[in-house]
Amino acid sequence: MTHESTLPEHVTANRGAWDEWAAEYVAAGRRGWADNVPTWGVFGIPEADVHLLDDVAGKDAIELGCGTAYVSSWLARRGARVVGIDNSPKQLETARALQAEHGLDFPLLLGNAETVPYPDASFDLAISEYGACLWADPYAWIPEAARLLRPGGELRFLTNGLLLVLTEPALEAEGPATDRLLRPLFGMHRYEWEDSPGIDFHLAHGEWIRLLRENGFDVLELRELRPPEGATTTYEAVTLDWARQWACEEVWKARKRG
Ligand SMILES: C[S@@+](CC[C@H](N)C(=O)[O-])C[C@H]1O[C@@H](n2cnc3c(N)ncnc32)[C@H](O)[C@@H]1O
């Protein structure tokens, strides 16, 4: 465990934020653990259309920012040897309780995904769904994921879509994303929101590609997720009509060069 006083400021802020929010995520965590057919993102898009869990049997996998660890549970049930790391003690409490309820045990570590206590080349797969890929600094966690992966290993992550980040109002109370660009593409990196204690991170697509390549990855895929007609969400930052036009979520897959 990283001692609190040595954590970067955004990691300390996000630990506080996620400890505060953890209770609101218990129900979603429980649903995720119970899902026999995994679905992804705020509109529940089926795994068959997303392919984040392809070819995981027998792999050493790490979930970076595992939260309630339902993604890790899906990997474990598909035959991966999985480890989850998360920065929030409270989120891990939920994850541990759900492990006990489901009788499924795998290591859960409290820590910062930017500095993971595992040797180089320990894993074949690093995955993150709205975890480190959103809440950790990409200039720290991408090099760390590259260090952790073996040559040929894959990094897969799902995060907010680029256009959502540029169009969502600064305050949740101002309503969902519209068709107006509210902030610049150039200089995308760290975001603080007036009505939230959390600090999140987003890059422009060109910068993700540059950063991934600089850290020894070949980009395999950028998939913009399109919810099907009739899909529903409880997420208030976006409407279905918006998401069907501009993609509120994106999936990246990259392979560590040999
Ligand atoms: C939306 S949850 C995503 C996890 C999982 N998919 C879920 O929904 O339970 C975001 C998680 O990222 C974790 N997180 C934030 N910053 C982190 C960091 N630097 N290292 C590891 N985990 C981090 C938070 O503690 C939180 O549990």
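Please read all numbers here as calculations on a predicted model, not as lab measurements.

Honestly, helix H4 (residues 89-102) in this entry has me stumped. Any pointers?
Every α-helix carries 3.6 residues per turn, so stepping three or four residues along brings you back to the same face. With 14 residues, H4 extends 20 Å between its outermost C-alpha atoms, agreeing within 8% with the 20 Å of an ideal straight helix rising 1.5 Å per residue. Within H4, the full set of buried residues consists of Gln 91, Leu 92, Thr 94, Ala 95, Leu 98 and Gln 99. The buried residues of H4 occupy one face: seen down the axis, they fall within an arc of 155 degrees. For H4, the exposed residues lying more than 90 degrees away from the buried face are Glu 93 and Ala 100. Phi for Gly 103, located one or two positions after H4, is positive at around 60 degrees.

I would appreciate a short explanation of the site of the ligand in the present structure.
In the region of the ligand, 18 residues are neighbours, and Asp 86, Gln 91, Asn 112, Ala 113 and Glu 129 sit closest. In this structure, a nitrogen atom belonging to the ligand sits 2.9 Å away from a side-chain N or O atom of Asn 112. A distance of 2.8 Å separates a nitrogen atom of the ligand from a polar side-chain atom of Glu 129. Grouping the constituent residues of the shell around the ligand by class yields 7 nonpolar, 9 polar and 2 charged.

Please explain the side chain of Ser 73 as it appears in this structure.
With respect to the helices and strands, the residue Ser 73 is situated in helix H3 (residues 70-77). The class for Ser 73 is buried, based on a relative accessible area of 0%. Within the local environment of Ser 73, its side chain forms a polar contact with the backbone oxygen of Tyr 70, the two atoms lying 2.7 Å apart. When residues no more than four places from it in sequence are discounted, the contact partners of Ser 73 are Trp 33, Leu 104 and Phe 106.

Would you explain unusual backbone geometry in this entry?
Trans peptide bonds make up the majority, and among non-glycine residues the majority have a negative phi. You will see that Ala 69, though not glycine, has its phi angle at about 70 degrees, which is positive. Looking at where Ala 69 falls in the secondary structure, it is placed in the loop between strand E3 (60-64) and H3. The class of Ala 69 is buried, set by a relative accessible area of 0%. Its identity is not glycine, yet Ala 121 carries a phi of approximately 55 degrees, on the positive side. In this structure, Ala 121 sits in the loop between strand E5 (108-110) and strand E6 (123-129). Taking relative accessible area as the criterion, Ala 121 reaches 34% and is therefore assigned partly exposed.

Looking at this structure, how should I read the packing of helix H6 (residues 138-148) against helix H8 (residues 205-214)?
How two helices pack is summed up by the angle between their axes together with the distance between the axes. The N-to-C vectors of H6 and H8 enclose an angle of 40 degrees; their axes lie 10 Å apart at closest approach. Considered as vectors, H6 and H8 are oriented oblique to each other. Taken as a pair, H6 and H8 cross one another with a handedness that is right-handed. Here Pro 138, Tyr 139, Trp 141 and Ile 142 of H6 lie close against H8, whose contacting residues are Glu 207, Trp 208, Arg 210, Leu 211 and Leu 212.

Reading the values: the criteria
- Residues numbered from 1 in each chain as written.
- Predicted model: local features only at pLDDT ≥ 70, side-chain atom pairs only at ≥ 80, totals over all residues.
- Heavy atoms only, no water.
- Helix = DSSP H or I, 4+ residues; strand = E, 2+ residues; numbered from the N terminus.
- Expected span 1.5 Å × (residues − 1).
- Buried < 20%, exposed > 50% of the residue type's maximum accessible area, 1.4 Å probe, protein only.
- Arc of directions from axis to C-beta.
- Near = heavy atom within 4 Å.
- Polar contact = N/O pair within 3.5 Å; in protein donor to acceptor, adjacent residues only side chain to side chain.
- Nonpolar A, V, L, I, M, F, W, Y, C, P; charged D, E, K, R; others polar.
- Contact = heavy atoms within 4.5 Å.
- Axes fitted to C-alpha atoms, helices over the stretch in contact; angles between N-to-C directions.
- Parallel < 35°, antiparallel > 145°, perpendicular 65-115°, else oblique.
- Left-handed = near helix turned anticlockwise from the far one by under 90°.

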